[in-house]
Each structure stands twice: as C-alpha cells, then as structure tokens.
Amino acid sequence: MRKINNRFLYMSANIANSTQTIRIASRKSQLALVQTYWVQAQLQKHFPDRTFEVEMMSTQGDKILDVPLAKIGDKGLFTKELEVKILDRSADLAVHSLKDLPTNLPEGLMLGCVTERENPADALVVNAKHAGAQLETLPPGAVIGTSSLRRLAQLRHHFPHFVFKDVRGNVNTRLAKLDAGEYDALILAAAGLQRLDFGDRIHQLIPAELSLHAVGQGALGIECRTEDPEILEILQTLQHQPTAYRCYAERAFLRELEGGCQVPIGVNTTIDGDNLTLVGMVSSLDGQRLVTDTITGAAINAEQLGKDLAHRLRSQGAQTILDEIFALVERDGLKKVLDEQTNS
Ligand SMILES: NCc1[nH]cc(CCC(=O)O)c1CC(=O)O
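Only a predicted model underlies this, so the values are computations on that prediction, with no experimental measurement involved.

Enquirer: Would you explain the overall build of the protein chain in this entry?
Expert: When its secondary structure is counted, the protein chain shows eleven helices and 13 strands. Sorting the 344 residues of the protein chain into buried and exposed places 52% on the buried side. A fraction of 70% describes how many contacts in the protein chain between residues 6 or more apart in sequence connect residues 24 or more apart. Approximately 15200 Å² of the protein chain is accessible, and the part contributed by carbon and sulfur atoms is 51%.

The structure is reproduced here in structure tokens:
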C-alpha cells in the first residue's frame, strides 16, 4: 500500500491535466444509476477539468428478474459484464452496491475505494393494513416477502409464526406487489429505499439483535484495474476510511467462511476510535441453529479480525452448519435445497 502511495505522489501532477475521458460502467437499474450518477458528480467536483462518462449495461442478474435470487447463487451475477468492460479497457471503473460484489475479484481487478456507508440495516416495509404494526406485533401467518437466505433464517429464528415468500424484481416492482396485497410486509435494505427516495416507506429499522445485515450493505464499492495508478488515485478522493475498514473486516469474514456455497451469513460492525468491533453470524437454513460471536481489535487489522472471527465461529458450531449445508447441496443440488427453503 505504501509503495502505491509513493507512486501516486509523483503521478499526481498529470492527473488533473490529462484530457482522456474516464468511463464509468454501471448497471441500468434505477438504484444502480442513482448510485453511479452520484459517483460521477462527486468525481466531477474533485476533478473539474476531466470528463466522466457513464456507460450503462445489463448484467445476467438483470435479465433473470423472475427467478428468486436465492436460487441463482451470487457469484458475480451483477458484476461480470461490467468487469469484462474494465478488463478490455472500454471502461475504467465500475460502481457497485458493495453487497453485490464478490469477495474474490477477477485477476487484474481490485476494489479501488469504498464510499461512505448509508445505514446498513434492513428495513420492514408494510402493506397499509398493517400501518400500526412492527415485526413484533404482526399477526401469526403474516406473509413476509424476502429472497435472502440471511433474512429468512434470522427472522424465522425469532418469528417462527410468519410465512416467508420469495419476492423479486427491482424495488418499485416489489413495493407494487406489497401494496397490491401479495405480501403483508417486505424486508428490504434501508439504504436502497433511501437512495430511491422511498425513505418514507421504512416502517421499522430492524435492530442488529433481530437481524444482522449483509456484508457490505449500504456502501458502494468501486472496482478498477489493479495496474491503473491514475484511476486509483482519482478514486482515493471517494474513499471513506471508517466504512472501508468495516467493510474489509466484513468481506474477510465472508471470504473465509463461504466455501463457494450460499449460506445465511450476517454481520454488524462499529468503529470506536482506533478500534473496530465485528459481530458475525452463521445460521442453519431453517434458522434453528444460529452461531454468533463478536471480535474487537485495531481497525487497521480489519481483514485479520474478519478471518479470526470466521475461525472462531467455525469452532463454535458454524463448521457443523456449513458441513450440513454442503452435504445437502452435494446430495440434492443447490437448486432443490434453496427451493425447499424459500417456497414455504
Ligand atoms: N440484493 C440487491 C440489492 N443490492 C443492493 C441493495 C440495496 C442497497 C445496499 O444494500 O447497498 C439491494 C436491495 C435490497 O437488498 O433490498
């Protein structure tokens, strides 16, 4: 890191003066575009003499909106097409919801910066007939829409009397289905709702005690070429170091646990002075067994903290849960396992 920074020092004179257009790759979804235009505006402010262009494209994830997300895995579904563009130099950087960016990136690409995080919590959004209700007071049998195994397992653990049902599509589509009465309530990321100006639909922010959020939720991750010091220096202007430390810890935790399979994993992080605290959780698919622990240490060792917490959880029962899920997948195939979990 120090070496790269030195290189930046004598590179920097050229950057503000270069005339080459910088191309930003983005998905076409409304949320992706709001996020990308925000990044474009911020970079334009920092580098007023440079030109920043947005290149929109569909990803595999955008094309199969009718298939429940949990069933198609998450390996770069929303990122691959953008990454190809950066690698072949038809784009210079890509803006992602950090949550959607795999923890292992393709050779030649890196996480160039992490922007300041919105509230990373999940939110409860309700149909109008439940205007007075909270998670704790929704009636037994209430139909809760979510397609995330993490949300499903944790909420099942605390609220076994709800019925869980898949929901797909972009945020607008999901809200329309909720309002039409297909669901009593939905669980969505608060950050996405806020960015799309649906902040007033956040009925309850779900506390960490009930549901830990996804790794990287609420932050943007900007991906770029490893060998591109000019772009890397430009991206440093958007790096928010406390968010970055938190997300490095969360991503190291996930990377260390996830043996290439989809498992309910949740986190929560806080920074206090120079210290970072990471709470991590692994759950069985049915939410019956949930292993959780907390680690605190120097924020600059964020990645090591994430790895250490993963090892601790493995020795406290998470390994058994992971082995069971892997064995099930081996026996029945991932699709069947996920079908059974999300269609009840
Ligand atoms: N899985 C899709 C996705 N990717 C990013 C967000 C919201 C914004 C964020 O978490 O940063 C969402 C929607 C959701 O989970 O409700």
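Enquirer: Just checking my understanding: could you explain the site of the ligand for this structure?
Expert: The ligand sits among Leu31, Ser97, Lys99, Asp100, Arg151, Leu188, Ala189, Gly192, Arg195, Gln217 and Gly218. Interatomic distance of 2.5 Å between a side-chain N/O atom of Lys99 and an oxygen atom of the ligand. Taking 390 Å² as the accessible area of the ligand by itself, protein coverage stands at 89%. Taken together, the residues of the shell around the ligand sort by class into three nonpolar, four polar and four charged. Counting the residues that make up the shell around the ligand, at least three belong to each of domain 1 (1-116 + 219-239) and domain 2 (122-212).

Enquirer: Just checking my understanding: could you explain the pattern of salt bridges for this structure?
Expert: A side chain with one charge may pair with a side chain of the opposite charge, provided their charged atoms come close. Taken as a whole, this structure holds 13 salt bridges when the rule is applied. Note that Arg225 is salt-bridged to Asp228, the shortest N-O span being 2.9 Å. Residue classification places Asp228 among the buried positions, given a relative accessible area of 10%.

Enquirer: I would appreciate a short explanation of unusual backbone geometry in the present structure.
Expert: Note on backbone geometry: most residues besides glycine have negative phi, and most peptide bonds are trans. Its identity is not glycine, yet Arg89 carries a phi of approximately 70°, on the positive side. If you trace the backbone, Arg89 turns up in the loop between helix 4 (80-87) and strand 3 (93-97). Judged by its relative accessible area of 49%, Arg89 is partly exposed. Within the chain, Asp197 stands out as a residue other than glycine whose phi angle is a positive 70°. With respect to the helices and strands, the residue Asp197 is situated in the loop between helix 7 (190-195) and strand 9 (204-205).

Enquirer: What exactly am I supposed to notice about the environment of Pro140 here?
Expert: For Pro140, the position within the fold is in the loop between strand 5 (122-126) and strand 6 (143-145). Measuring from C-alpha to C-alpha, the distance between Pro140 and Leu235 comes to 48 Å, with 95 residues separating the pair along the chain.

Enquirer: Could you clarify how one ought to interpret helix 10 (residues 302-332) in this entry?
Expert: Given 3.6 residues per helical turn, the α-helix brings residues three or four places apart onto the same face. Between its terminal C-alpha atoms helix 10 stretches only 37 Å, short of the 45 Å expected from 31 residues at 1.5 Å a residue. The sharpest bend along helix 10 reaches about 80° and sits at Gly317. Of the residues making up helix 10, those classed as buried are Ala302, Leu305, Gly306, Leu309, Ala310, Leu313, Ala318, Ile321, Leu322 and Ile325. Those residues of helix 10 that are buried lie in contact with helix 9 (241-257), strand 12 (275-283) and strand 13 (290-298).

Enquirer: Just to check I follow, could you spell out the sheet that holds strand 13 for this structure?
Expert: Read from one edge of the open sheet, three strands run 11-12-13, paired in antiparallel fashion. Both edges of this open sheet fall to strand 11 (265-272) and strand 13, since each of them pairs with a single strand only. Each strand of the sheet is rotated relative to its neighbour by a mean of 15°, with strand direction disregarded. As paired strands, strand 11 and strand 12 are joined by eight bridges and run antiparallel to one another.

Enquirer: Would you mind showing me how to read the domain arrangement of the protein chain here?
Expert: On domain assignment, one finds that the protein chain holds domain 1 (1-116 + 219-239), domain 2 (122-212) and domain 3 (240-344). Relative to domain 3, the C-alpha centre of domain 2 lies at a distance of 22 Å. Between domain 2 and domain 3, the contact holds 13 residues from the first and 22 residues from the second. Around 1300 Å² of area is buried between domain 2 and domain 3 when both sides are counted, 62% of it from carbon and sulfur atoms. Contact with domain 3 buries surface across domain 2, with Leu149, Arg156 and Leu212 losing the most and accounting together for 46% of the total. Linking domain 2 with domain 3 are zero salt bridges. Inspection of the region where domain 2 meets domain 3 yields one residue pair in polar contact (both at pLDDT 80 or more).

Enquirer: Just to check I follow, could you spell out the sheet that holds strand 2 (residues 52-57) for this structure?
Expert: Within a sheet, each strand pairs with its neighbour through backbone hydrogen bonds, oriented either parallel or antiparallel. Spatial strand order, 2-1-3-10-4: five strands in an open sheet with mixed pairing. Every interior strand has two partners, whereas the edge strands, strand 2 and strand 4 (109-114), have only one. Each strand axis lies, on average, 30° off the axis of its neighbour in the sheet, ignoring direction. The pairing of strand 1 (residues 22-27) with strand 2 spans six bridges and is parallel. The residue bridging Ile24 from the neighbouring strand is Val54, located in strand 2. The sheet strands contacting helix 2 (residues 30-46) are strand 1, strand 2, strand 3 and strand 10 (220-225), and the helix crosses strand 2 at an angle near 165°.

Enquirer: Just to check I follow, could you spell out the packing of helix 9 against helix 10 for this structure?
Expert: Packed helix pairs are specified by the crossing angle of their axes together with the interaxial distance, meaning the distance between the axes. Closest axis-to-axis distance for the helix 9/helix 10 pair is 8 Å, and the angle between their directions is 35°. The chirality of how helix 9 crosses helix 10 is right-handed. Across the interface between the two elements, Tyr245, Tyr248, Ala249, Ala252, Phe253, Arg255, Glu256 and Leu257 from helix 9 touch Ala302, Glu303, Gly306, Lys307, Leu309, Ala310, His311, Leu313, Arg314 and Leu322 from helix 10. Its residues assigned to classes, the contact of helix 9 with helix 10 shows eleven nonpolar, two polar and five charged.

Cut-offs used in this document
Residues numbered from 1 in each chain as written. Predicted model: local features only at pLDDT ≥ 70, side-chain atom pairs only at ≥ 80, totals over all residues. Heavy atoms only, no water. Helix = DSSP H or I, 4+ residues; strand = E, 2+ residues; numbered from the N terminus. Buried < 20%, exposed > 50% of the residue type's maximum accessible area, 1.4 Å probe, protein only. Contact = heavy atoms within 4.5 Å. Areas by Shrake-Rupley, 256 points an atom, 1.4 Å probe, with all protein chains shown as cover. Near = heavy atom within 4 Å. Polar contact = N/O pair within 3.5 Å; in protein donor to acceptor, adjacent residues only side chain to side chain. Nonpolar A, V, L, I, M, F, W, Y, C, P; charged D, E, K, R; others polar. Domains from an automatic or database assignment. Salt bridge = Lys/Arg side-chain N within 4 Å of Asp/Glu carboxyl O. Expected span 1.5 Å × (residues − 1). Bend = angle between axes of the 7 residues up to and from the residue. Pairing = 2+ DSSP bridges. Axes fitted to C-alpha atoms, helices over the stretch in contact; angles between N-to-C directions. Buried area = accessible area lost by both parts, 1.4 Å probe. Left-handed = near helix turned anticlockwise from the far one by under 90°.

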